[in-house]
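What follows is each chain in one-letter form.
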Amino acid sequence: MADDVFYRVLLIALYAMFFGVRGYYRFLKPRQVEPEPAEVERKAFGKAEAVMIFAILGYFGSLILYLLGLSWFDWSQISGYPESIRWIGVVIVLGNIPLLGWIHRTLDRQYSACLRIKESHLLITEGAYARVRHPMYTVLNAFSIGISLLTANFMIIGFAILVAIPFHFVAQKEEQMLLETFGERYSEYMQRTGRFFPRLRK
Ligand code: SAH
C-alpha cells in the first residue's frame, strides 16, 4: 500500500476541490443573496435513508482506513488492479466537479440536504435541470464511484455502489413531494425529462 501514497494524495486533492465547490454554494453564496427562508415542509426519514446512511458511513469509514494506509487493511486492495481504471476514476471525478457547480447555481436556494419545500419554493426546469430531474444525485454518485475506482479498494467500491441504490427511492419520494406541490407543472416536466440521465427519445 506504500506505493499508493500518490493516489491517496490525489484523492485528498479531489475531495478538497469537491468540498470547495459544495461548501461555496451551501454556506457562502446563499447568505450573500438572502437569508435561508423558514422550512414549511420536511419529508419523513424512511428505509431508503437508513440504507443510505449505513452505506455512506461504510464508504467514508473505509475511505479513512485507506487514507491512513494501515497495513492490516491491505486485504481489501484488489491485486493486479489496472492503473488505467484508476485514471478513469480520476477523469470521472474531474468531469463531475464543474457539473456540481452548475447544478448548485441552477437549483440555488431550492437546495436542501433533506427533502423539503421551502417558503416561496420555485420549480426549476432550466439549466442543469432542463433534461434531468436529479442531476445532483447523478453527479454525487458518479463522484463517489469515480473516487472508489481510484482507490482500487473493493470495500470502497462496494460501498460506493451501495450508496447509489437508495437514491432511486429517495428520488421517487422527492418527485411525489414535488408533484404534490407543483401538480400539473411537475408532471409535465417529468414527461419530458429523465430521472438520472437525459431521455434518449422524446
Ligand atoms: N434531487 C435533486 C435536488 C437535490 S437537493 C437533484 O438531484 O438534483 C433536494 C431538494 O431539491 C429537495 O428538497 C427538493 O425540494 C428540491 N428540488 C428537487 N428538484 C427540484 C426542482 N426541479 N425544482 C425545485 N426544487 C427542486
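Keep in mind the model is a prediction, meaning the values are calculated, not measured.

> Would you take a moment to explain helix α3 (residues 83-107) for this structure?
Every α-helix carries 3.6 residues per turn, so stepping three or four residues along brings you back to the same face. The end-to-end C-alpha distance of α3, which contains 25 residues, comes to 36 Å, matching closely the 36 Å that a straight helix rising 1.5 Å per residue would cover. Taken residue by residue, α3 has R86, G89, V90, V93, N96, I97, L100, G101, I103, H104, T106 and L107 as its buried positions. Positive phi shows up at D108, right after α3, with a value of about 50°.

> So what exactly am I meant to see when it comes to the pattern of salt bridges here?
Oppositely charged side chains may form a pair once their charged atoms are brought near each other. Counted according to the given criterion, the structure contains six salt bridges. In this structure, the salt-bridge partner of K29 is D108, at a minimum N-O distance of 3.5 Å. Of this pair, K29 sits in helix α1 (residues 5-33) while D108 sits in the loop between α3 and β2 (116-118), placing them 79 residues apart in sequence. For R192, the salt bridge goes to E188, with nearest N and O atoms at 3.2 Å.

> Whenever I open this one, the site of the ligand confuses me. Can you help?
The ligand sits among 19 residues. The nearest are R116, I124, Y129, H134 and E174. Measuring from an oxygen atom of the ligand, one finds a backbone N or O atom of P135 at 3.4 Å. M136 is positioned with one of its backbone polar atoms (N or O) 2.9 Å from an oxygen atom of the ligand. Starting from 540 Å² of accessible surface for the ligand in isolation, the protein chains cover 99%. With respect to the pocket detection grid, the ligand is positioned in the largest pocket. Every element with two or more residues in the shell around the ligand is listed here: α4 (135-151) and α5 (154-182). Its residues assigned to classes, the shell around the ligand comprises 13 nonpolar, four polar and two charged.

> Got a minute to help me understand the nonpolar core in this structure?
As a rule of thumb, nonpolar side chains are buried together in soluble globular proteins. Ranked by size, the top nonpolar core spans 46 residues in total, and within it Y15, Y59, Y129, M136 and I147 carry the most contacts. Sorting the residues of this core by element identifies α1, α2 (47-68), α3, α4, α5 and α6 (184-191) as the ones contributing at least two each. Considering each element in turn, this core owes the most residues, ten residues, to α5. Setting aside residues no more than four positions away along its own chain, Y129 makes contact with I103, T106, L107, I124, P135, M136, Y189 and T193.

> Please explain the packing of aromatic side chains as it appears in this structure.
Here a ring pair, both rings aromatic, is described through the centre-centre distance and the interplanar angle of the planes. Inspection of the entire model under this criterion finds 17 aromatic pairs. Judged by centre distance (4.9 Å) and plane angle (80°), the ring pair of Y24 and Y25 falls under edge-to-face. Judged by relative accessible area, which is 15%, Y25 ranks as buried. Following the ring pairs from residue to residue traces out a cluster consisting of Y15, F18, F19, Y59, F60 and F143.

> Explanation requested: the packing of α3 against α4 in the structure shown.
Pairs of packed helices are described in terms of their axes, by the angle between the two and the distance that separates them. Packing of α3 against α4 leaves a shortest axis separation of 8 Å and a crossing angle of 155°. With respect to α4, the axis of α3 lies roughly antiparallel. When the axes of α3 and α4 are compared, the crossing they make is left-handed. Residues that form the contact of α3 with α4 fall into these classes: 18 nonpolar, five polar and one charged.

About the criteria used
- Residues numbered from 1 in each chain as written.
- Predicted model: local features only at pLDDT ≥ 70, side-chain atom pairs only at ≥ 80, totals over all residues.
- Heavy atoms only, no water.
- Helix = DSSP H or I, 4+ residues; strand = E, 2+ residues; numbered from the N terminus.
- Expected span 1.5 Å × (residues − 1).
- Buried < 20%, exposed > 50% of the residue type's maximum accessible area, 1.4 Å probe, protein only.
- Salt bridge = Lys/Arg side-chain N within 4 Å of Asp/Glu carboxyl O.
- Near = heavy atom within 4 Å.
- Polar contact = N/O pair within 3.5 Å; in protein donor to acceptor, adjacent residues only side chain to side chain.
- Areas by Shrake-Rupley, 256 points an atom, 1.4 Å probe, with all protein chains shown as cover.
- 1 Å grid on protein atoms, 1.4 Å probe; cavity = no way out; pocket = protein on both sides within 12 Å on 5 of 7 lines; lining within 4 Å.
- Sits in = over half its atoms within 2 Å of the grid points.
- Nonpolar A, V, L, I, M, F, W, Y, C, P; charged D, E, K, R; others polar.
- Core = buried A, V, L, I, M, F, W, Y, C linked by side-chain atoms within 4.5 Å.
- Contact = heavy atoms within 4.5 Å.
- Phe/Tyr/Trp six-rings, centres within 6.5 Å; stacked < 30°, edge-to-face > 60°.
- Axes fitted to C-alpha atoms, helices over the stretch in contact; angles between N-to-C directions.
- Parallel < 35°, antiparallel > 145°, perpendicular 65-115°, else oblique.
- Left-handed = near helix turned anticlockwise from the far one by under 90°.

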